[in-house]
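Inside the fold
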Amino acid sequence: MLFTFNKFAVRVKYIVRAAAFVVLSLYCGRAMCAEKAPAAQVVALPVSEDPSVSFHIWFHVGSQNDPQGKEGLAALTAEMISKGATKKLSYEEILDKMLPLAAGYGATTNEEMTVISGRVHKDNLAEYYPLLLQAIEEPAFKEEDLKRLKETALNYLSNTLRYSSDEDLGKAVLYNSIFHGTPYGHLPTGTIAGVKSVTLDDVREFYKKYYTRDNVTIGIAGGYSPKTLDQLRADLAKLPSGKPAVISAPSPQPIKGVHVTIVEKPCIATAMSLGYPIDVLRNQPDWYALALADSWFGQHRNSSSHLYQVLREERGLNYGDYSYIERFPNGGALTVPPANASLRKQIFEMWIRPVPHAANVFALRAAVRELHKFIDVGLTKDDFNTTRNFLKTYVLNFAPTTSEQLAYALDDQFYGVQGSHLANFRTAIKSLSLAETNAAVKKYLQYDNLQIVIVTKDAEALKKALVSGEPSSFEYPTPKSKEVLEEDKEIVKYPLGIKAENVKIVPVETLFEK
């Protein structure tokens, strides 16, 4: 964001929010009502008691639309809109005008969505709105802005991601490995070669093709007036026409067996991630059953979840251990799932935060063993009831502000959810049974075919340990209970089934090049 608006929350129960939620469709599609021009959907969430107005302008484009050899173009185009000059103002002038308004706008780009979002107090709307509109409709696309933003992207790929966070690095490599060869097969930021190759002409052509009135969904929420919505609809209807071709959902190559990528780099601990693609999305009833089960197994940032208890609380191996049935970018900074990161193909992922190098094989065995038990045994009645009671209120934390609720409403449009996902979540939890929950786990999850990424030093030694199948001895620095030590006798020799030909070692300095 250009400037962060002072945070506040207008907390209203989600079922009431869902009832007040207004969705206007201005063309036929996504099971919405039809109306004549202009050709744009509108997602509107009026909240009269909210003194702010939130905008989420969603263009149906993302990194999956990057041309080959120009990986990163979608993200750079969005950054040029949100962090660059307009035809009327330089970027520095925009910042100067935003400061006294206590407002700003920014852009997020994932594989399928680009959202230009902003929030302002309604008393400052008259000064703010033209700045937001100019950014979207009149970007200047200056060479100096492109140079600056390319440098930022390249620094992230070549330095920050490689050397700043081994956890983010491992998750990025896992994601690229799972979706290799598909339109999802590179990070939204792009590749180093792709970003370097992007020119101003590339940005202009990309903008012309995808930033059209036929390719946008308008999101507005808060204490806005009907006049503001009418003005926004009319203004964005002035965008050029054009409906880009739809790209098919990715079909990643099946994972056969257990595959391991070891990223070798100097580091003080070993970070691990593992996963595979799954065939369930939010618009399917089974999603909620699987979400409940996954909450018990590895709810993000929840110290009572099973993985956390086994690996951290009982054994003190690391800071935390989590699992996901949807991609969870920026997990190191977030406590709840991100909005506007929607995908038509999702993954199951386990995130094993860094463990001591001496414990890396042991920790991997312990994690995979728990995955086996999760699928084969499932939740007990007590596990199920405790988790269901937890989720009934926990989902209220997902979107406490009007702006965040609007972002979720756009995701509802993406997935074709009937009603509100957040309201549906709470309703589904009440009616789910233990049998349905365990059945969803067996239907969508498995452990025979895994993609594992390990960031560590001494990669050759680790490879040898993984493929040998020999017990992985480990001594705790502090005493453990008799029960833990007895269970460890099984963990140290738990079979991982990793073959030498399925292990590859990648030097960190070669990642994300192309």
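Residues numbered from 1 in each chain as written. Predicted model: local features only at pLDDT ≥ 70, side-chain atom pairs only at ≥ 80, totals over all residues. Heavy atoms only, no water.

What follows deals with the overall build of the protein chain. Helix and strand counts for the protein chain come out as 18 helices and 12 strands. On the principal axes, the C-alpha backbone points of the protein chain span a range of 70 × 50 × 40 Å. Counting over 514 residues, the protein chain shows a buried share of 57%. A separation threshold of at least 6 residues defines the contact pool for the protein chain, and within that pool the share at least 24 residues apart is 84%. (Helix = DSSP H or I, 4+ residues; strand = E, 2+ residues; numbered from the N terminus. Buried < 20%, exposed > 50% of the residue type's maximum accessible area, 1.4 Å probe, protein only. Contact = heavy atoms within 4.5 Å.)

Structurally, arginine 344 can be placed in the loop between β9 (321-324) and β10 (346-355). Of the residues examined, arginine 344 reaches a relative accessible area of 26% and is grouped as partly exposed. In the structure, arginine 344 is positioned 185 residues away from asparagine 159 in sequence and 30 Å away in space, judged by C-alpha atoms. In contact with arginine 344, other than residues within four places in its own chain, are Gln64, Glu112, Tyr184, Val246, Ile247, Ser248, Ala249, Leu281 and Phe414. Side chain to side chain, arginine 344 and glutamine 64 meet in a polar contact 3.3 Å long. (Polar contact = N/O pair within 3.5 Å; in protein donor to acceptor, adjacent residues only side chain to side chain.)

Of all hydrophobic cores here, the largest spans 73 residues; its most connected members are Phe55, Ile57, Phe59, Tyr128 and Phe512. Per element, the largest residue contribution to this core is eight residues, and it comes from helix α4 (residues 125-137). Once residues lying within four places of it in the same chain are set aside, the contact partners of tyrosine 128 are Phe55, Met98, Leu101, Ala103, Gly104, Tyr105, Gly118, Arg119 and Val120. Within the second largest apolar cluster, 71 residues are counted, among which are Trp287, Phe348, Ala363 and Leu364. (Core = buried A, V, L, I, M, F, W, Y, C linked by side-chain atoms within 4.5 Å.)

To continue, consider the packing of helix α12 (residues 360-376) against helix α18 (residues 482-491). At a minimum axis separation of 10 Å, α12 and α18 run at an interaxial angle of 90 degrees. Our classification of the angle between α12 and α18 gives roughly perpendicular. Contact residues: α12 offers Phe362, Arg365, Ala366, Arg369, Glu370 and Lys373, while α18 offers Glu487, Asp488, Glu490 and Ile491. Among the residues forming the contact of α12 with α18, the class breakdown is three nonpolar, no polar and seven charged. (Axes fitted to C-alpha atoms, helices over the stretch in contact; angles between N-to-C directions. Parallel < 35°, antiparallel > 145°, perpendicular 65-115°, else oblique. Nonpolar A, V, L, I, M, F, W, Y, C, P; charged D, E, K, R; others polar.)

Here the focus is a negative patch on the surface. Taken together, the side chains of Glu92, Glu93, Asp96, Glu143 and Glu144 define an acidic patch exposed on the protein surface. The element that contributes the greatest number of residues to the negative patch is helix α3 (residues 91-98), accounting for three residues. (Patch = residues over 30% accessible without salt bridge, like charges linked within 9 Å, V, L, I, M, F, W, Y side chains within 5 Å. Areas by Shrake-Rupley, 256 points an atom, 1.4 Å probe, with all protein chains shown as cover. Salt bridge = Lys/Arg side-chain N within 4 Å of Asp/Glu carboxyl O. Lys, Arg positive; Asp, Glu negative; His and termini not counted. Charge placed at Lys NZ, Arg CZ, Asp CG, Glu CD.)

As a further point, take the pairing of strand β4 (residues 104-109). For β4 and strand β5 (residues 114-121), the ladder comprises six bridges, and the chain directions are antiparallel. Opposite tyrosine 105, over in β5, you have glycine 118 as the bridge partner. Connecting β4 to the antiparallel partner β5 that follows it, the hairpin turn spans four residues. (Pairing = 2+ DSSP bridges.)

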